[in-house]
2 protein chains.
Amino acid sequence: MEYAMSETDAMTAAGSYEPTERTVPTRSRERASYDRELVHAILDETYLCHLGFVRDGAPVVLPTLYGRVGEVLYVHGSTGSRPMRMAAQGKGVVDGAREEAPGLPVCLTVTHVDGLVLAKSAFHHSINYRSVVVHGTAHQVTDPEELRTALDALVDHVVPGRAADSRPGNAKELAATAVLRIDLAEVSAKVRTGGPNDEPEDAALPHWAGVIPVQKSYGTPEPAADLDPAVALPGYLAAL
Amino acid sequence: MEYAMSETDAMTAAGSYEPTERTVPTRSRERASYDRELVHAILDETYLCHLGFVRDGAPVVLPTLYGRVGEVLYVHGSTGSRPMRMAAQGKGVVDGAREEAPGLPVCLTVTHVDGLVLAKSAFHHSINYRSVVVHGTAHQVTDPEELRTALDALVDHVVPGRAADSRPGNAKELAATAVLRIDLAEVSAKVRTGGPNDEPEDAALPHWAGVIPVQKSYGTPEPAADLDPAVALPGYLAAL
């Protein structure tokens, strides 16, 4: 048993995030994972996250786009938007006191819904999902090189290959854009798969039970009003 | 002009939520709306929200299901889960001080992605979306009647008609389930529609631009392993 524990620890260091008090769920621990590959796969499958921060002591959750470069996530916004100004000004509230150092405590969450789980009992209804929760401190990116890398990552995260097929930001646009960096360090994934877990005594109830898969797809591309009809849909978009 | 303003105020009282300092965005105000019908429509089109609260001074954002009954949202969880215990114990942190009265300050956000907006310039890339942000205080539902109404609403919000076609919770199940109530009072919607807003000087650039619609659909229902084959898929599920 001792050996098994050491082996697990070694695996954690290599391929997993270190669990912390706040990334170990109080419920359904068997659904939690700290595996880096799983976390990256969940993060890379979509582009929309829900970013939480604390403003005047109260929680704020905003939907926003993100990009990933290795173990770093980037979110962006106007330099005038609230979380961007708060990160630049270090207006996070930690333990009730204003934190004066730069950085904004955030929680960034990404969720895929894979199916509706319908059970014979109301109580066992659920959804199949994959989610990632990232805790950390968001810091404003100030290095011009990292800023360009981050903006390319944000564009490419929505459609891989798109950054190279668009005009890069000019000086005025870059000055109007703030990017926050969040390190992937305190991270957990949670996954539910499979059918409903009804009680054995409910087996004979006359209610249909099972999973209704939820799917996402792309519709027919709609060209912009000012698009030259001679510009064909590129392959990486047709492939969506 | 005076008359026009009064008329707007009257409309706000009847069909809209009252804007507050934190529901008026600092950016893209033209995309914000306080219209009740729009807010309800966005909330009723899906069942997954991202619920934010403050724990030990730091933000936490968790995906969870919700239901709506008029101007009230319900979220549920195990009685042992963190936000449920915090709401029951009144452990919200407001203005840096522990709030001893019951209730947990929350921000509940729902987002639909309707399309990827690809512009000729990286800067003008965006997504078409509809979101609702609800600020408020979550209170634990203790009235047994309201608890049953809330649980039915949660099940019916995922699949309308499902609550009546499943076994209701028994005493043990109800005791294991905590439900939080959040009033729809401080609420805003935000909507982006339409194509990319490229700069006129970028019109001739050779990059494809436009909108790629994002669609959600349901796959073929997968019956549970223990489902009696004689139980047919009911009409309200086939209609999905």
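Note that the coordinates shown come from a computational prediction; the quantities given were computed from them, not determined experimentally.

K.L.:
I'd like a description of the pairing of strand β3 (residues 58–69) of chain B, backed by residues and values.
P.N.:
All names here are of chain B. Relative to β3, strand β2 (residues 48–55) runs antiparallel, the two sharing eight bridges. Bridge assignment links Val54 to a residue of β3, and that residue is Pro59. Linkage of β2 to β3, two consecutive antiparallel strands, is achieved through a turn of two residues, within which Asp56 is found at a positive phi near 50°. Linking β3 to strand β4 (residues 72–78), which pair antiparallel, is a turn of two residues; within it Gly70 sits at a positive phi near 60°.

K.L.:
A description of the packing of aromatic side chains should follow, citing residues and the corresponding values.
P.N.:
This model, assessed by the stated rule, comprises zero aromatic pairs over all chains. Cation over ring: Arg36 of chain A sits above Tyr17 of chain A, and NZ or CZ is 4.4 Å from the ring centre.

K.L.:
Could you give me a rundown of unusual backbone geometry, with the residues and numbers involved?
P.N.:
Despite not being glycine, Asp56 of chain A has its phi angle at roughly 50°, a positive value. For Asp56 of chain A, a relative accessible area of 45% puts it in the partly exposed group.

K.L.:
A description of the relation of the copies chain A and chain B should follow, citing residues and the corresponding values.
P.N.:
What relates the two chain copies is a rotation about an axis together with a slide along it. Least-squares fitting of chain A to chain B yields an RMSD of 0.0 Å, with the transformation described by 0.0 Å of translation along the axis and a rotation of 180°. What the superposition gives is, in effect, a two-fold axis relating one chain to the other. Residue by residue, 100% of the interface of chain A is reproduced at the interface of chain B, so both copies engage with the same surface.

K.L.:
Give me the lowdown on the interface of chain A and chain B, citing residues and values where you can.
P.N.:
Many structure descriptions define interface size as the accessible area lost when the parts assemble. Each partner contributes to the interface: chain A provides 91 residues, whereas chain B provides 91 residues. Interface area for chain A against chain B, summed over the two sides, is near 7,600 Å², with a carbon-plus-sulfur share of 62%. Ranking the residues of chain A by area buried against chain B places Pro59, Arg167 and Trp208 of chain A at the top, with a combined share of 10%. The interface formed by chain A and chain B contains six salt bridges. Our count for the contact surface shared by chain A and chain B stands at 31 residue pairs in polar contact (both at pLDDT 80 or more). Considering each element in turn, the side of chain A that touches chain B owes the most residues, nine residues, to strand β11 (residues 210–218) of chain A. Split by residue class, the side of chain A that touches chain B holds 51 nonpolar, 22 polar and 18 charged. In this sheet, strand β11 (residues 210–218) of chain B lies alongside β11 of chain A in antiparallel orientation, the contact comprising five bridges. If you follow Tyr218 of chain A over to β11 of chain B, its bridge partner there is Val214 of chain B.

K.L.:
Give me helix α4 (residues 144–158) of chain B: which residues, what numbers.
P.N.:
Here α4 of chain B is 15 residues long and its end C-alpha atoms lie 22 Å apart, about the 21 Å a rise of 1.5 Å per residue gives. Every buried residue of α4 of chain B is listed here: Glu146, Leu147, Ala150, Leu151, Ala153, Leu154, Val155, His157 and Val158 of chain B. Those residues of α4 of chain B that are buried lie in contact with β7 (104–118) of chain A together with α2 (36–44), β3, β4, α5 (171–176) and β9 (177–183) of chain B.

K.L.:
Hey, could you go over the confidence of the model for chain A for me, with residue numbers and the actual values?
P.N.:
Low-pLDDT portions of the prediction should not be read for the details of their coordinates. Residues and elements named next belong to chain A. When the pLDDT values of chain A are averaged, the result is 89; 89% of them are 70 or greater. When mean pLDDT is taken per element in chain A, helix α2 (residues 36–44) scores highest with 98 and helix α1 (residues 2–15) scores lowest with 46. Here residues 1–13 scores under 50 on pLDDT; set against residues more than four positions off or in separate chains, the count is four contacts. Interface predicted TM-score (ipTM) for the complex: 0.89; the corresponding pTM is 0.89.

K.L.:
How would you explain the environment of Leu151 of chain A if you had to name every residue and give the values?
P.N.:
Residues and elements named next belong to chain A. Its place among the elements puts Leu151 in helix α4 (residues 144–158). When its relative accessible area of 17% is taken as the criterion, Leu151 is described as buried. For the pair Leu151 and Ala178, spaced 27 residues apart in sequence, the C-alpha to C-alpha distance is 9.7 Å. What Leu151 contacts, discounting residues up to four positions off in sequence, is His76, Leu174, Thr177 and Val179.

K.L.:
Talk me through α2 of chain A; I want residue IDs and the actual numbers.
P.N.:
Residues and elements named next belong to chain A. Restricting attention to buried positions, one finds in α2 the residues Val39, His40, Ile42 and Leu43. When α2 is viewed along its axis, its buried side chains cluster within an angular range of 165° and face the same direction. As for α2, its buried residues are in contact with β3 (58–69), β4 (72–78), β7, β8 (126–140), α4 and β10 (186–192).

Conventions we followed
Residues numbered from 1 in each chain as written. Chains lettered and ligands numbered in written order. Predicted model: local features only at pLDDT ≥ 70, side-chain atom pairs only at ≥ 80, totals over all residues. Heavy atoms only, no water. Pairing = 2+ DSSP bridges. Helix = DSSP H or I, 4+ residues; strand = E, 2+ residues; numbered from the N terminus. Phe/Tyr/Trp six-rings, centres within 6.5 Å; stacked < 30°, edge-to-face > 60°. Lys NZ or Arg CZ within 6 Å of the ring centre and 35° of its normal. Buried < 20%, exposed > 50% of the residue type's maximum accessible area, 1.4 Å probe, protein only. Least-squares fit on C-alpha atoms with pLDDT ≥ 70 in both. Contact = heavy atoms within 4.5 Å. Buried area = accessible area lost by both parts, 1.4 Å probe. Salt bridge = Lys/Arg side-chain N within 4 Å of Asp/Glu carboxyl O. Polar contact = N/O pair within 3.5 Å; in protein donor to acceptor, adjacent residues only side chain to side chain. Nonpolar A, V, L, I, M, F, W, Y, C, P; charged D, E, K, R; others polar. Expected span 1.5 Å × (residues − 1). pLDDT = per-residue confidence, 0-100. Arc of directions from axis to C-beta.

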